Amino acid sequence: MGLITIADHIHDIAENSVNAGAKNVYIKIIENIDTFFFSVEDDAGGIRPDILERIFDPFVTTRKKEIRRVGLGLPFLKQATEATGGYVKINSELGKGTRTEALFYKSHIDCQPVGNLTDTFLVLLLNQNINWQIERCYDGECYEIASKTIKEYLGNLDTPEKITLLEEFLKEMESQIGDKR
C-alpha cells in the first residue's frame, strides 16, 4: 500500500457517509499555504451516542463482523491530524446527520501530502445515487461542483466520454485555483 494522503482521508469519510445511507453529502475544503481544513457533512441519520463516544477506538466499527472487525479510518485520521498539531471533530445528531471536520498544519514535518483531489472528487461524483456538493478553496479562490449541475449538463455519467469531460473540468478547476501555489 502506498503513502496515505489527505485526499484518501476525505474519500474514506465520504464513503462512511455513503455506507451509512446518506442521500446528500456536502464536502468543504479550505486550504492555504499552511493549513488544510476539510469537512464532510451528511444526512445519514447520525451516529448512536454509544458509538460516537468511542468513535476513535480502532476496535469499534458498525460494519458487519464478516466484513471487518475493526474500523481504522477515523483513528488514522485523528492520528494524522494531531501529528501536525491539528484536530478532527465529529458532531452528530441522531435522526439528522453527521459532520466530520479535520485540520492539518501542512508546514509540519509529519503532515501527509494533500494527494490527488481531482481523482477523489471524480470517484465520489461517479456515485450518482448521492447528491454531492463540493466546495474547494485555496487561498480565497474557490469553485463549487454539485451532482445536480453535472446531471443538468452531462446527464448520467454513463459513457467514457462524459467521465473524461468531468475529469478534465475538475483538473481545470484545480489548476485555476492552483496557480497561486
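On a predicted model such as this, the values are computed, not experimentally measured, just so you know.

### Regarding the pattern of salt bridges
As enumerated under the stated definition, the model contains 10 salt bridges in all. Where Glu101 meets Arg99, a salt bridge forms, and the shortest distance between an N and an O atom there is 3.0 Å. In this structure Arg99 comes out as partly exposed when scored by relative accessible area, which is 25%.

### Re the sheet that holds strand E4 (residues 97-105)
Judged by pairing direction, the sheet is mixed, and its six strands sit side by side in the order E3-E4-E2-E1-E5-E6 without closing on themselves. The open sheet has two edge strands with one neighbour each: strand E3 (87-93) and strand E6 (141-146). Going from strand to strand, the sheet's axes swing by 10° on average, the running direction of each strand aside. Looking at chain direction, strand E1 (residues 24-31) and strand E2 (residues 35-42) are connected through seven bridges and run antiparallel. Looking at E2, one finds that Ile27 is bridged to Val40.

### Remarks on helix H1 (residues 6-19)
An α-helix turns once per 3.6 residues; consequently, residues spaced three or four apart project the same way. Its 14 residues give H1 an end-to-end C-alpha distance of 20 Å, which sits within 8% of 20 Å, the value for a rise of 1.5 Å per residue. Those residues of H1 hidden inside the fold are in contact with E1, E2, helix H3 (73-83), E4, helix H4 (117-125) and strand E5 (131-138).

### Some thoughts on the packing of H1 against H3
Two numbers describe how H1 lies on H3: the axes approach to 10 Å, and their chain directions differ by 145°. Between H1 and H3 the crossing geometry is left-handed. On H3, the residues that touch His9, Asp12, Ile13 and Asn16 of H1 are Gly73, Leu74, Phe76, Leu77 and Ala80.

### A short note on the nonpolar core
General note: in soluble globular proteins, nonpolar side chains tend to be found buried as a group. Counting residues in each nonpolar core, the largest one holds 42 residues, and the members touching the most others are Ile27, Phe36, Phe38, Phe104, Leu125 and Trp132. Considering each element in turn, this core owes the most residues, six residues, to H1. Not counting chain neighbours up to four residues away, the residues in contact with Leu125 comprise Trp132, Ile134, Ile145, Ser147, Ile150, Leu157, Leu166 and Leu170.

### Thoughts on the pairing of E4
The buried count for E4 comes to seven of nine residues, which makes it a mostly enclosed element. Bridge count for E2 against E4 is seven bridges, and the pairing is antiparallel. Within the sheet, the bridge partner assigned to Glu41 lies in E4 and is Arg99. Sheet analysis places E3 next to E4, joined by seven bridges and oriented antiparallel. Bridged to Glu93 within E4 is Gly97. Taking the residues that link successive antiparallel strands as the turn, the E3-E4 hairpin has three residues, and the phi of Gly95 there is positive, at about 90°.

Rules used throughout
- Residues numbered from 1 in each chain as written.
- Predicted model: local features only at pLDDT ≥ 70, side-chain atom pairs only at ≥ 80, totals over all residues.
- Heavy atoms only, no water.
- Salt bridge = Lys/Arg side-chain N within 4 Å of Asp/Glu carboxyl O.
- Buried < 20%, exposed > 50% of the residue type's maximum accessible area, 1.4 Å probe, protein only.
- Pairing = 2+ DSSP bridges.
- Helix = DSSP H or I, 4+ residues; strand = E, 2+ residues; numbered from the N terminus.
- Axes fitted to C-alpha atoms, helices over the stretch in contact; angles between N-to-C directions.
- Expected span 1.5 Å × (residues − 1).
- Contact = heavy atoms within 4.5 Å.
- Left-handed = near helix turned anticlockwise from the far one by under 90°.
- Core = buried A, V, L, I, M, F, W, Y, C linked by side-chain atoms within 4.5 Å.

The quantities given are spatial measurements derived from coordinates; they are silent on function.
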